[in-house]
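Breakdown of the fold
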Amino acid sequence: MNDLIVGVFVIAEAANAGLWGSFVNFLANVLRLINNITNNYGLSVVMFTILMRLLLLPLDLKSKASTKKMGELQPLIEEINKKYKYDAEKRNRKIAELYQKHGVNPLGGCLPLLIQIPIIFAMFAALRQISSMELGSFLIDAIKHHDPSIVPVLDEVIKAVESSSAIRQKMVDIIPQLFIRTNLSIVDKMKEIAGEENVSLILEAIKNISNEEIYSFLNAQYGSYRFLWIKNIWIADSPIVSIVGRPIDLFSGQWNGLFILPVLAGVTSYYQTKLANVSTANQQTGSFTAIFPILSVWFTAMYTAAFGVYWVTNNVFQIVQQIIYNRTNSPKGEGVKS
């Protein structure tokens, strides 16, 4: 199911070359640089998100100002629509004159948001890139730690797979999948390329690594993956998966998280949308206000906890920003005059 979310959020990653790939790599390197200072990826994602929101703040404020102005003009636009109901040409001209008189660009609220979209997609792609590398590398190290005798075999398989044009996928992407299930079509390709016996040995080693052993290895070697109640930031915040993503019993005590991030994502998404509606004088909650929090819960539950931390931090930042904006731009009691 992680693959589904990855497909939704990393559409742009398909063009992982040229300027786009360089930008994604730049953001990923910024996050790694922050982690070199904090030595905790959860805290690093929080700081990374705040940094990106501060950089996007001028665009946000410009969009809000334009949207607010459009809301103030809405009563006058409705009057024009009624007055020239049967004269579309004159109606459009009068509305254009109204925009010009008050210095309003009808697209002013949308353009800053459109500029942000590729940046946001690049942030998703950067998180995906680091998540894949970190989790895959951790699990490869866990296999080697579990059975040192398999190191030559594992290295041989990695070399064969990553040099294969038929697979076109790195082992850091494949290994996490093998800890969850082995009935994958890519396993057959791996056996063809790296030898059935070699791949079978690795699958057997993975099968024999217990959740307890991996948890012990995580604590000893990868403390930067822990964040608050989350044991592994690169696995979903869920009580029904282990720190490697394996399905587990709810009451096993081997959970990776407690489903707190998805709940926070839903609550903050709802509140953020409500605040945005109030700021634009739109009191209709609409379907988006109801659906968006549900989607927030779904995405943050199915993707990594790192993504959940990003999502919640992003929401909280925008909530605080919206509250400050609403208070400093409250109506003065007089509408816009024609």
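Given the structure is predicted, the values throughout are model-derived calculations rather than measurements. (Residues numbered from 1 in each chain as written. Predicted model: local features only at pLDDT ≥ 70, side-chain atom pairs only at ≥ 80, totals over all residues. Heavy atoms only, no water.)

A word on the overall build of the chain
Rules: Under the DSSP-based scheme used, a helix requires at least four consecutive residues in state H or I and a strand at least two consecutive residues in state E, with every element numbered from the N terminus. Between buried and exposed lies partly exposed: a residue is buried under 20% and exposed over 50% of the maximum accessible area for its type, with that area taken using a 1.4 Å probe on protein chains only. The method behind every accessible area is Shrake-Rupley, applied with a 1.4 Å probe, and residues are considered shielded solely by the protein chains displayed.
A count of helices and strands for the chain gives 13 helices and zero strands. Counting helices and strands in the order they occur from the N terminus, the chain gives α-α-α-α-α-α-α-α-α-α-α-α-α. The buried share of the chain, taken over its 338 residues, is 46%. Split by element, the accessible area of the chain, about 17,800 Å² in all, is 61% carbon and sulfur.

Overview of a nonpolar patch on the surface
Stated formally: Patches here are clusters of residues that have more than 30% relative accessible area and form no salt bridge, with a 9 Å joining cutoff for like charges and a 5 Å cutoff for nonpolar side chains (Val, Leu, Ile, Met, Phe, Trp, Tyr). In what follows, salt bridge is the name for a side-chain nitrogen of Lys or Arg lying within 4 Å of a carboxyl oxygen of Asp or Glu.
Taken together, the side chains of Ile-240, Leu-250 and Phe-251 make up a nonpolar region of the molecular surface, amounting to roughly 350 Å² of accessible area. Summarising the element assignment, Phe-251 is placed in the loop between helix H10 (211-221) and helix H11 (260-279).

Regarding the packing of helix H8 (residues 185-194) against helix H9 (residues 196-208)
Convention followed: Axis definition: a line fitted to C-alpha atoms, limited for helices to the stretch in contact. Angles are taken between N-to-C directions and run from 0 to 180 degrees. For classification purposes, an angle smaller than 35 degrees is called roughly parallel, one larger than 145 roughly antiparallel, one from 65 to 115 roughly perpendicular, and anything else oblique. When checking whether two residues touch, look at their non-hydrogen atoms; a contact exists if any pair is within 4.5 Å. Think of it as three bins: nonpolar holds Ala, Val, Leu, Ile, Met, Phe, Trp, Tyr, Cys and Pro, charged holds Asp, Glu, Lys and Arg, and polar takes everything else, Gly as well.
H9 packs onto H8 with a crossing angle of 130° between their chain directions and a minimal axis gap of 6 Å. Between H8 and H9, the crossing angle belongs to the class labelled oblique. Contact residues: H8 offers Val-187, Met-190, Lys-191 and Ala-194, while H9 offers Glu-196, Asn-198, Val-199, Ser-200 and Leu-203. By residue class, the composition of the contact of H8 with H9 is five nonpolar, two polar and two charged.

Focus: unusual backbone geometry
The backbone of Asn-39 sits at a positive phi, close to 55°, despite the residue not being glycine. Mapped onto the fold, Asn-39 is located in the loop between helix H2 (18-38) and helix H3 (41-83). Its identity is not glycine, yet Leu-228 carries a phi of approximately 55°, on the positive side. Tracing the chain through its elements places Leu-228 in the loop between H10 and H11.

Some remarks on H10
Inclusion rule: Note: the arc covers the axis-to-C-beta directions of the helix.
Within H10 the residues assigned to the buried category are Asn-211, Ile-214, Phe-217 and Leu-218. For H10, the angular spread of buried residues about the axis comes to 125°, placing them on one side.

Overview of the confidence of the model for the chain
Here is the rule we go by: Every residue is assigned a pLDDT by the predictor, reflecting its confidence on a scale from 0 to 100.
The pLDDT averaged across the chain works out to 83; a share of 86% of its residues lies at or above 70. When pLDDT is averaged over each helix and strand of the chain, the minimum, 40, is found for helix H1 (residues 2-9) and the maximum, 93, for H9.

Side note on helix H4 (residues 88-101)
Stated precisely, the cut-off is as follows: In this analysis, the expected span of each helix is defined as 1.5 Å times one less than the number of residues it contains.
For H4, with 14 residues, the first-to-last C-alpha span of 20 Å sits near the 20 Å given by 1.5 Å per residue. The complete set of buried residues in H4 reads Arg-91, Ile-95, Leu-98 and Tyr-99. Down the axis of H4, the buried set is contained in an arc of 100°. They therefore lie on one face. Structural note: H4 exposes Glu-89, Gln-100 and Lys-101 on the side pointing more than 90 degrees away from its buried face. Packed against the buried residues of H4 are H3. A positive backbone phi angle near 65° is found at Gly-103, which sits one or two residues after H4.

Describing the environment of Asn-40
Counted only if it meets this: Here a polar contact is taken to be a pair of N or O atoms separated by no more than 3.5 Å, where protein atoms must pair a possible hydrogen donor with a possible acceptor and residues adjacent in sequence count only if both atoms sit in side chains.
Tracing the sequence through the fold places Asn-40 in the loop between H2 and H3. Each C-alpha atom, one on Asn-40 and one on Phe-227, is 7.3 Å from the other, the two residues being 187 residues apart in sequence. When sequence neighbours within four positions are dropped, the list of residues in contact with Asn-40 reads Asn-35, Gly-223, Ser-224, Arg-226 and Phe-227. Within polar-contact distance, the side chain of Asn-40 engages the backbone nitrogen of Gly-42 at 3.1 Å.

Section: the packing of H3 against H4
Using the following cut-off: When the near helix sits turned anticlockwise from the far one by under a right angle, the crossing is termed left-handed; a clockwise turn instead gives a right-handed crossing.
Following both chains from N to C, one finds H3 and H4 inclined at 155°, their axes separated by 10 Å at the closest point. Taken as axis vectors, H3 and H4 run roughly antiparallel relative to one another. For the pair H3 and H4, the crossing hand works out as right-handed. Together, Met-70, Leu-73, Leu-76, Ile-77, Ile-80 and Asn-81 of H3 and Arg-91, Lys-94, Ile-95, Leu-98 and Tyr-99 of H4 make up the contact between the two elements. When the residues that make up the contact of H3 with H4 are grouped by side-chain class, the tally is eight nonpolar, one polar and two charged.

Things to note about the pattern of salt bridges
Within the structure shown, the criterion is met by three salt bridges. For Arg-53, the salt bridge is made with Asp-60, and the minimal N-O distance between the two is 2.5 Å. Judged by its relative accessible area of 6%, Asp-60 falls in the buried class. Two residues, Arg-128 and Asp-173, come together in a salt bridge whose shortest N-O distance is 3.8 Å. Within this pair, whereas Arg-128 is found in helix H5 (residues 111-146), its partner Asp-173 is found in helix H7 (residues 171-178), the two being separated by 45 residues in sequence.

Points about the packing of aromatic side chains
Short version of the rule: Note on aromatic pairs: the rings of Phe, Tyr and Trp (six-membered ring only in Trp) are paired at centre separations within 6.5 Å, and the planes decide the class, stacked below 30 degrees, edge-to-face beyond 60, tilted for the rest. A ring has a charge above it when a Lys NZ or an Arg CZ is no more than 6 Å from the ring centre and no more than 35 degrees off the ring normal.
The final tally for this structure, using the stated rule, is 16 aromatic pairs. Ring centres of Tyr-222 and Tyr-225 lie 5.0 Å apart, and the angle between their planes is 50°; this geometry places the pair in the tilted category. With a relative accessible area of 1%, Tyr-225 lands in the buried category. Taken together, the ring pairs connect Phe-121, Phe-124, Phe-292, Phe-299, Tyr-303, Phe-307, Tyr-310 and Trp-311 into an aromatic cluster. Over the ring of Tyr-215 we find Lys-231, and its NZ or CZ is 4.9 Å from the ring centre. Taking the ring centre of Trp-255 as reference, the NZ or CZ of Lys-231 above it sits at 4.3 Å.

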